[in-house]
Every structure is written in C-alpha cells, then in structure tokens.
There are 2 protein chains.
Amino acid sequence: MSQVANGQTGLLPPPKGLVAPINVPQKLLMGPGPTNVSPRVQQASGLQLIGHMHAETFQIMDEIKAGMQYAFQTKNQWTLVISGPGHLGMEAVLVNLLEPGDKVLIGVNGLWGKRAVDLANRLGASPLALEQEAGKSLSLDEIEQGLSKHKPKVLFLVHSESSTGVMQPLVGVGDLCRKYDCLLVVDTVASLGGVPFFMDDWKIDAVYTGSQKVIGAPPGLAPISFGPRAVEAIKSRKSPVKSYLLNMNELTIQWQCGDPSIPRIYHHTPPVNLFYALREALAELTEEGLENVWKRHAEASARLHAGIRSLGLKLFVQNESDRLPTVTTILVPEGIDWKKVIQYLMEKHKIEIAGGLGPTVGKVFRIGVLGCNATPEKVDRVLQALKEGLEFAKLQGHL
Amino acid sequence: MSQVANGQTGLLPPPKGLVAPINVPQKLLMGPGPTNVSPRVQQASGLQLIGHMHAETFQIMDEIKAGMQYAFQTKNQWTLVISGPGHLGMEAVLVNLLEPGDKVLIGVNGLWGKRAVDLANRLGASPLALEQEAGKSLSLDEIEQGLSKHKPKVLFLVHSESSTGVMQPLVGVGDLCRKYDCLLVVDTVASLGGVPFFMDDWKIDAVYTGSQKVIGAPPGLAPISFGPRAVEAIKSRKSPVKSYLLNMNELTIQWQCGDPSIPRIYHHTPPVNLFYALREALAELTEEGLENVWKRHAEASARLHAGIRSLGLKLFVQNESDRLPTVTTILVPEGIDWKKVIQYLMEKHKIEIAGGLGPTVGKVFRIGVLGCNATPEKVDRVLQALKEGLEFAKLQGHL
C-alpha cells in the first residue's frame, strides 16, 4: 500500500485509557433527563443491527410514526423522527419554517426560549423575544399583544421550560395564531407524554420532543410533527433549507410520510438501535394508555410537591397552574450550598438531581419525574435522599 | 387539569401495530454499512443510562477522544464526536468552515461529493465541482489545477466514495493545500480504520467519519477532528455558525477540547448509550492495533476480489490502486436482474449486499467488508451466497 510509505516513522501510540473495561454504574436518574429506561427498552437498545433500508426497519419506523401520532395526538402524515438529540428537533423546525429575514416571535422565560432566539439569529431570521419573568408563563393577552404588534410568520413557545419548571398553557394560542396568520411551533421536549397535549385540537402547526424524557428511550432522537399549514409553508419556500439532514422535503420520503405508493428513497443512515428502543418505549406507552401515563405523572408530581413542602422547602414557580409536572424547581434554602446537596445524593445514594440552568443557576434544585421513574417509590427515594442531603449540607455549613 | 377540558370528545386511539413485540431478525450485513457489531459493542449499547454530565460519562468521552485521535492518527485537541449520523459530520465541517460566499472546491466522482456541493449551496457558500468520472480518483495534477484556477478557501475530498468503490489517494494533497493557502477537508466515512490514514502527517485540516462502518459501533455518531489551521479559521469567522448543535466553539467546551482547567459546560444531551458502544468499539480497535486492523481489511478485500474474479465477475473500478478495500463495487453481468440477486441473498441467506447508489444505480453490486465482518469466513459466506444468487437470477432470466 503506497500510502503507508510516506516517510512514516511509526504510528502514534494507542491510548492507555481504553485498556480497562467500560465503567457504567447503576444510578437513579431524577434530574430533568435523561431518565432511566425500562428493562424492555434497555434490552431493545442492545439488539444486533439490521440495515436502515430493510423491511423490518421500515416497519419499526411506521410503528414509531403511529406511536408518535398517538403521543402528539395528531393525524399529521409528516410525523417522524429526527436523527439527533432534542436540540436538533429545534433546529429542524426552525431551519425548515424560517427563511432569511422571516420574523419569528419567541416566548422567552428561560433557557430554551433564549436558545431558540440564538438559533433563529444564526439562521438569518429576525427573532423577536416575547419576554416573561423566569418562573411565569405568558398569558393569552400577552401573546396576542405580541402577535398583533409584530405580525410574525412563526410563534415559538416552549411548552415545558425545564430550566425554570414552568409549563406554558396552550389552549387558545392556536386560534390566536390563525387570527394573525402565523404558524404555531411548540417545544415539548420535557413534557410530552407527562401532561395532556393535543396537537390537532390545539391547532399546533409544528412540534418536537426528545426521546429521553417521559417517553423513556435513550437520548439521541427527536420526534417531530408538522401539520398541513407548516407543510405548505415548507413546500412553498423560496430559499433552500440550510441543512441536508434536516430538509423535510427529502427526509419525509425515507419515512414515507406521503403517498404510500411512492417508494422510500435513502436519505441518510439513522441510528437504527435507537429506533428499536424508541419503538419499545412507545409500545409501553401505548400499552399503559396515554391518559394513564398522564395520571401517573400528575400523581408522582403531586406526591413530590407534598414531600417538598413537608421538608419545609418552597417551590420556585409561584402560580400552581404554571407548574410543570415533569420537572419541579425547588428554591435552595438560605445558607445551603446546593452543590453539596447534589453531590451527597450522587455519592451516597447514586441518585441524580440537578441544580439550576440558565436563569435559575444557584437558585434551585431541579427534580424530574419522567417515564418509568414517575412512581411513588422513586419519589419517596429522592425525597428521603434530599432530606439527608440538606441535613448534611446544613451541618457542613455550620462547621 | 384545565387543559384537558378543551371540548375533547376523546383521545385519538392507540396504534395497533405496537401491540406485537419488536421484530429484529439476525442478519449478516455485508453492504456498505451499517455493519454488524461485536458482542462487546452490542452489550455496551444495552447498558442502563447515566447522565450526560456525570463524571463517568466524561471519562467515556475522554476515552473516545483518545481512541479517535489514535484512529485518525492525530494529536488534534479538537477531536470529538458529533451527536448525529455521518451526514451530520459533513454538515459540521462545512457549516463551521464556510461563510456565505466562501469558495469551496469539491472533488465530485460519486454521490458524496455531489451531496457536499448541495450542502455548500444550502449554506450560502460557493461550491465549485472538480469533476471526475465515476470509478476514478483525482490525480495530484488535476487537484493542483483546480486549486490554482479557483483559489478556494476549502478543498473537500471524499477519501472513500462508497457509491462507486473508489479511494482517493491523499499523499501530497496537504502540501498542495498549504501552497495555495487552502484548508483540506476529508470525508472518511466508509474507510477510516480499514485503510492507512494519517491525519497529521498528511496535513489534513478537518476530517470526519461514521461510527457504523469499520469502527463497528451502531450508526448515529460522527467522530470529527479539526487541526490548528481549521480551528483558527473557525475562531476568526465573521458570521455566526448557522447551527447551534454543530457550533464547534461551544461543543468543544462540553468535550473539554481546550485547556483542561476550564470546566465543561452543558451544550446538549448526547446519545449516551451510543457513546458506550463507540467507546467499546474503539477499545477493541486499540486492543487489536490499528496496523492489524488495516491488514485484516486488506486481506479480506483481496480474498473478496479473488473470489469475485473466480466467479467470472468484473470489478467496476479499473485502476487497482483506486479500489477502496472496505467497499467493493462489482459490475452486474449482462442479462442479470440485480434486484433478484440481492433479494435472493436476503431471503435465503439473510445476507445484505447492496445495489448501486447515485452514478452506479443498476450497474453494480456493492459489498462491504467492515469491522468485525472483515474476516475470511464472512467473505466466503457472501461469495457462496452471491454465486447462488447469480445462478438463481440467471435461471429466472431464462424462464
């Protein structure tokens, strides 16, 4: 092989760290995600690979599509999965719906809205922030004022602002968007499956979520759905979509989202074994029933909130109806070093809870009850560990 | 929950297809990828999740980084993994290195070069195609003429054009790029690990590959590396990178590619269990030793080529030194329905081989010897099955 003979004096050496076997300890993940996966999902993740264009993979993709139509409560044909993390779901909706100069009004009351503004800027669109205090949702009046003032092409709202623990009410927003001839895009990464959500009834034009939260699959996939008005906007674009991987006009062919007589065409090689896992997670969701899953999350959340109060702690989100059931934000008590508490839970109990993010850094703990961890037993475990962690940190503070 | 009471007349029903368990048959994957994964990699894919910001995950990421530095033969600090398929590797290099209007010269002798042209157009850059017949590589002279004529900011070459089975020689190209003050970017998706490759010695400024080929992990990750000249170009950009997920200035902080005293900052939630699998695949690569892996692929390829000849078939790539050892293209004999052959192998033997792609559709079979499938036994199995498949298709043609 002639290419080897290039004055080589020898190879760079092999790395030493790879000699030992991999180290993956068992942990209880009660942060805002990823969550633990069920035994069935875990087993599916480890199945041997098949090809991305095999009939069995197409069947799995069809089953995922049907499962996501159920989870989003939509009949949209353009319901599919982006081959990448939840963030790529955000990129997919914005890169397909926005063209240079397009106005997009973005609800900003935490990290995710801020990130959508950043991304819209990167894409050459004109983002306008509809700002709200961290810890509060936007009212219908505030949204209508924004729509009426700015006349945006797209309104982007974060249903589940996991950085603050706020849930944005969505009933009525779809009607406002129709009134102002605007597309409604919603981020449901941290909420979908854990709280009632009706894409079609709520007149939402595009939505995405992440595989690793309530759905309970590993991270790395972003389920997404586009309604007819969004499809129309994408099909009538004047400029090309600024991505190949995320270009819905082509990706939807591999997913066969249109006429089933049109054959699938290879677009890219998706993460096949993550599809296995997502398919099984959706099978479990279907077996339990969406309403039961919502109920289980509501009950776990109520139990967590009661336990938090009985520990003498306060929730960050004042207005009860603004509270996201899946991710709870708890004020760090005065005099307590939040890092010590989190470390204690991880070291002594192998339980993950998170600190704040974006506007809540240093101010809150964030506890997630997501997927198979939304049970009374897991809630009680995290409450007991939190109690010990707070006592430990208090003691440390007094030393 | 007030949001439920929205005039709901009932939920959309659960999908029926998800009632049965998942169907993933065992197959031998001898197409151009994904390939089968080893038992160790398969087991790692199915380990329970831990968090993306846990110390153990950081250790796994560091080990992947070291493993990829070894596989790429580079000391580049900016060696990391994109959370998405190989295609996202292509997007990552181009979206970071190109600004609107930048000239990029792209070697086009198959599908992948063409796709890079398409993507560069989408990003608002000015791609120039350096065209070559499908089945041939570009010579140093042809490359120098292109550089001298167009003075591009970036030269993009496909090391492994898996749509045609051509390997692009790279020795000397780096020197030409320095001479013309141009960055050299190379796609090694279908070759890395299967053939000698020396990023630093060959003066390559940016490179990416896919996890699901020779490396032998599942699809869904794109290892990538940027050399100092590329890093400088990214750091001195005038316009923002048109993506959040792929913005190297931020992603490299989560991967701690710079000063190790600077703490990692959360950028996005990567596919943690795919990291497990890639880490173990790289551990196996390290144990076997890169030179032995190259040798094993060269031998498997030679055995395949000899077998192909003894079946009376012809290789698509005329020039022996242009042949990619990892993906072999074989001319479909006259009078044979290639689809029937491929179907026969899948139905009777559960073996995948592929048809042509892009310029080779209908003209060739493509057989991959990748990762743990690059062994004499697997080569003999595919040859025997191919022999039968050809006989079957011949018989069908005569009926």
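All residue numbers refer to position in the chain's written sequence, counted from 1. Starting at A for chains and at 1 for ligands, labels are handed out in the order in which the entities are written. In keeping with the model being predicted, local features are shown solely for residues with a pLDDT of at least 70 and side-chain atom pairs are shown and tallied solely at 80 or more, while totals for entire chains, interfaces and linings include all residues. To obtain the side-chain values, all non-hydrogen atoms of the structure were used and water was disregarded.

Engineer: Would you take a moment to explain the environment of Lys149(B) for this structure?
Structural biologist: Going along the chain from the N terminus, every DSSP run of H or I of four or more residues is numbered as a helix, and every run of E of two or more is numbered as a strand. Checked against the element boundaries, Lys149(B) lands in helix α5 (residues 140–150). Taking C-alpha positions, Lys149(B) is 13 Å from Lys179(B), a pair spaced 30 residues apart along the chain.

Engineer: Please explain the pairing of strand β2 (residues 78–82) of chain A as it appears in this structure.
Structural biologist: Two faces belong to every sheet, and in a regular strand the side chains alternate between them. Residue and element names in this part refer to chain A. Exposure is judged per residue with a 1.4 Å probe applied to protein chains only, and the accessible area is read against the type maximum: over 50% gives exposed, under 20% gives buried, and values in between give partly exposed. The element β2 is largely enclosed, with a buried count of 5 among its 5 residues. DSSP calls a pair of strands paired once it identifies at least 2 bridges connecting them. In the sheet, β2 pairs with strand β10 (residues 222–226) via 5 bridges, with the strands oriented antiparallel. Directly across from Thr 79, in β10, lies its bridge partner Ser 225.

Engineer: Honestly, the interface of chain B and chain A in this entry has me stumped. Any pointers?
Structural biologist: Accessible area lost during the coming together of the parts is what is often quoted as the interface size. In this description, contact between two residues means that some pair of their heavy atoms is separated by no more than 4.5 Å. Contact residues are listed per partner, giving 106 residues for chain B and 106 residues for chain A. Accessible area that two parts lose when put together, with a 1.4 Å probe and added across both, is what the buried area reports. In total, chain B and chain A occlude about 8900 Å² of area from one another, counting both sides; carbon and sulfur atoms represent 63% of this. Any Lys or Arg side-chain nitrogen found within 4 Å of a carboxyl oxygen on Asp or Glu counts as a salt bridge. One can count 4 salt bridges joining chain B with chain A. In this structure, the salt-bridge partner of Lys27(A) is Glu56(B), at a minimum N-O distance of 2.7 Å. Two N or O atoms count as a polar contact when they lie within 3.5 Å, although within protein this holds only if one can serve as hydrogen donor and the other as acceptor, and sequence-adjacent residues are included solely when both atoms are side-chain atoms. The interface formed by chain B and chain A contains 28 residue pairs in polar contact (both at pLDDT 80 or more). Of all the secondary structure elements, the ones that give two or more residues to the side of chain B that touches chain A are α1 (39–45), α2 (55–72), α3 (86–97), α4 (111–122), α9 (272–288) and α10 (290–310) of chain B. Counted by class, the side of chain B that touches chain A contains 56 nonpolar, 33 polar and 17 charged residues. Residue polarity follows a fixed list, in which Ala, Val, Leu, Ile, Met, Phe, Trp, Tyr, Cys and Pro are nonpolar, Asp, Glu, Lys and Arg are charged, and the others, Gly among them, are polar.

Engineer: Teacher, can you tell me more about the side chain of Asp102(A) here?
Structural biologist: Residues and elements named next belong to chain A. One can find Asp 102 in the loop between α3 (86–97) and β3 (103–108). A polar atom in the side chain of Asp 102 sits 2.8 Å from the side chain of Lys 153. Leave out the neighbours within four places in its chain, and Asp 102 touches Leu 97, Ala 125, Ser 126 and Lys 153.

Engineer: What am I meant to see in the pattern of salt bridges here?
Structural biologist: A side chain of one charge can pair with a side chain of the opposite charge if their charged atoms are brought near each other. Residues and elements named next belong to chain B. One pass over the full model with this rule turns up 38 salt bridges over all chains. Between Asp 205 and Arg 229 there is a salt bridge, and its shortest N-O distance comes to 2.8 Å. Of the two residues, Asp 205 sits in the loop between β8 (183–187) and β9 (206–208) while Arg 229 sits in helix α7 (residues 228–235), which places them 24 residues apart along the sequence. The class of Asp 205 is buried, set by a relative accessible area of 3%. A relative accessible area of 24% places Arg 229 in the partly exposed class. Note that Arg 279 is salt-bridged to Glu 280, the shortest N-O span being 2.7 Å.

Engineer: Where do I start with the pairing of strand β14 (residues 364–368) of chain B in this structure?
Structural biologist: All names here are of chain B. Counting buried positions along β14 gives 5 out of 5 residues, so the element sits mostly inside the fold. Across the two faces of β14 the burial is the same, with Val 364, Arg 366 and Gly 368 and Phe 365 and Ile 367 all buried. Relative to β14, strand β11 (residues 327–331) runs antiparallel, the two sharing 5 bridges. The residue bridging Thr 329 from the neighbouring strand is Arg 366, located in β14.

Engineer: For this particular structure, what's the right way to read the UniProt feature "domain: Aminotransferase class V" (unreviewed entry) in chain A?
Structural biologist: UniProt positions are given in the numbering used here, feature names are shortened, and annotations may be inferred rather than shown by experiment. Here the UniProt-annotated "domain: Aminotransferase class V" (unreviewed entry) positions come out as residues 50–382 of chain A. For residues 50–382 of chain A, helix accounts for 40% and strand for 16%, while the C-alpha atoms at its two ends are 39 Å apart.

Engineer: Can you help me understand the packing of helix α11 (residues 338–349) of chain A against helix α12 (residues 376–398) of chain A in this one?
Structural biologist: Helix packing for two helices is described by the angle between their axes and how far apart those axes are. Residue and element names in this part refer to chain A. One can describe the packing of α11 onto α12 by two numbers: an axis separation of 8 Å at closest approach and a directional angle of 125°. Judged by the inter-axis angle, α11 sits oblique to α12. Classified by chirality, the crossing of α12 by α11 is right-handed. Packed against α11, whose contacting residues are Lys 340, Val 341, Tyr 344, Leu 345 and His 349, the element α12 presents Arg 381, Val 382, Ala 385, Leu 386, Glu 388, Gly 389, Leu 390, Phe 392, Ala 393 and Gln 396 at the interface. Axes here refer to lines fitted to C-alpha atoms; in helices the fit is confined to the stretch in contact. Angles between the N-to-C directions go from 0 to 180 degrees. Roughly parallel means an angle under 35 degrees; roughly antiparallel, over 145; roughly perpendicular, 65 to 115; everything else is oblique. Each crossing gets its hand from how the near helix is turned against the far one by less than a right angle, where anticlockwise is left-handed and clockwise is right-handed.

Engineer: Looking at this model, I keep getting lost on the relation of the copies chain B and chain A. Mind explaining?
Structural biologist: Copies of the same chain, two in number, are related to each other by a rotation about an axis and a translation along it. Least squares is used to superpose the copies, and the fit set is the C-alpha atoms of residues whose pLDDT is at least 70 in both copies. Turning chain B through 180° and shifting it by 0.0 Å along the axis lays it on chain A, with an RMSD of 0.0 Å. Look at the turn and shift together and you get a two-fold axis relating the two. In terms of proximity to the rotation axis, the leading residue of chain B is Gly46(B), whose C-alpha is 1.9 Å off the axis. Interface overlap between copies is the fraction of interface residues in one copy that are interface residues in the other; for chain B against chain A it reaches 100%, indicating a shared surface.

Engineer: What am I meant to see in the packing of aromatic side chains here?
Structural biologist: For any pair of aromatic rings, the description rests on two quantities: the centre-to-centre distance and the angle between the ring planes. Residues and elements named next belong to chain A. Paired rings are identified among Phe, Tyr and Trp, the last through its six-membered ring, by centres lying within 6.5 Å, and are further divided according to the angle between planes into stacked (under 30 degrees), edge-to-face (over 60) and tilted (the rest). Per the stated rule, a full pass over the model turns up 16 aromatic pairs over all chains. An angle of 80° between the planes, with centres 5.6 Å apart, marks the rings of Phe 197 and Trp 202 as edge-to-face. Of the two residues, Phe 197 and Trp 202, both sit in the buried class. Seen in terms of ring centroids, Phe 198 and Trp 294 are 5.6 Å apart; in terms of plane orientation they differ by 75°. Their pairing is edge-to-face. Of this pair, Phe 198 sits in the loop between β8 (183–187) and β9 (206–208) while Trp 294 sits in helix α10 (residues 290–310), and the two are 96 residues apart along the sequence. The residues Phe 198 and Trp 294 share a single accessibility class, namely buried. Ring-pair connections join several aromatic residues into one group, and the members of that group are Phe 197, Phe 198, Trp 202 and Trp 294.

Engineer: Would you mind going over the sheet that holds strand β3 (residues 103–108) of chain B with me for this structure?
Structural biologist: Sheets are built from strands paired through backbone hydrogen bonds, the pairs being either parallel or antiparallel. All names here are of chain B. Strands sit in the order β2-β10-β9-β8-β5-β3-β4 across an open sheet of 7 strands; the sheet is mixed. The open sheet has two edge strands with one neighbour each: β2 (78–82) and β4 (126–131). Adjacent strand axes in the sheet meet at a mean angle of 20° when their direction is disregarded. Sheet topology note: the β9/strand β10 (residues 222–226) ladder contains 3 bridges and is antiparallel. Looking across to β10, one finds that Tyr 208 is bridged to Ile 224. Together, β2, β8 and β10 form the strand contacts of α7, whose direction differs from that of β10 by roughly 90°.

Engineer: What's the story with α5(B) in this structure? I'm lost.
Structural biologist: Because an α-helix completes one turn every 3.6 residues, residues spaced three or four positions apart along the sequence face the same direction. Residues and elements named next belong to chain B. When α5 is considered as a whole, its buried residues turn out to be Ile 143, Gly 146, Leu 147 and His 150. Considered in projection along α5, the buried side chains sweep an arc of 95° and stay on one side of the axis. α5 presents Asp 141, Gln 145 and Lys 149 as exposed residues on the side facing more than 90 degrees away from its buried surface. Positive backbone phi, at 45°, marks Lys 151, one or two positions downstream of α5. Throughout, the arc means the angular range of directions from the helix axis out to the C-beta atoms.

Engineer: Looking at this structure, how should I read the environment of Leu94(A)?
Structural biologist: All names here are of chain A. Relative to the assigned elements, Leu 94 resides in helix α3. A relative accessible area of 1% places Leu 94 in the buried class. For the pair Leu 94 and Asp 118, spaced 24 residues apart in sequence, the C-alpha to C-alpha distance is 11 Å. Contact partners of Leu 94, with chain neighbours within four places excluded, come to Ala 116, Leu 119, Ala 120, Leu 123 and Phe 156.

Engineer: I would appreciate a short explanation of the sheet that holds strand β4 (residues 126–131) of chain A in the present structure.
Structural biologist: All names here are of chain A. Spatially, β2-β10-β9-β8-β5-β3-β4 is the arrangement adopted by the 7 strands of the open sheet, whose pairing is mixed. Of all the strands in the sheet, the pair left with one neighbour each is β2 and β4. Mean inter-strand twist for the sheet, computed between neighbouring axes without regard to direction, equals 20°. Relative to β8, strand β5 (residues 154–158) runs parallel, the two sharing 5 bridges. The residue of β8 that forms the bridge with Leu 155 is Leu 184. Where helix α7 (residues 228–235) meets the sheet, its contacts fall on β2, β8 and β10, and the angle it forms with β10 comes to roughly 90°.

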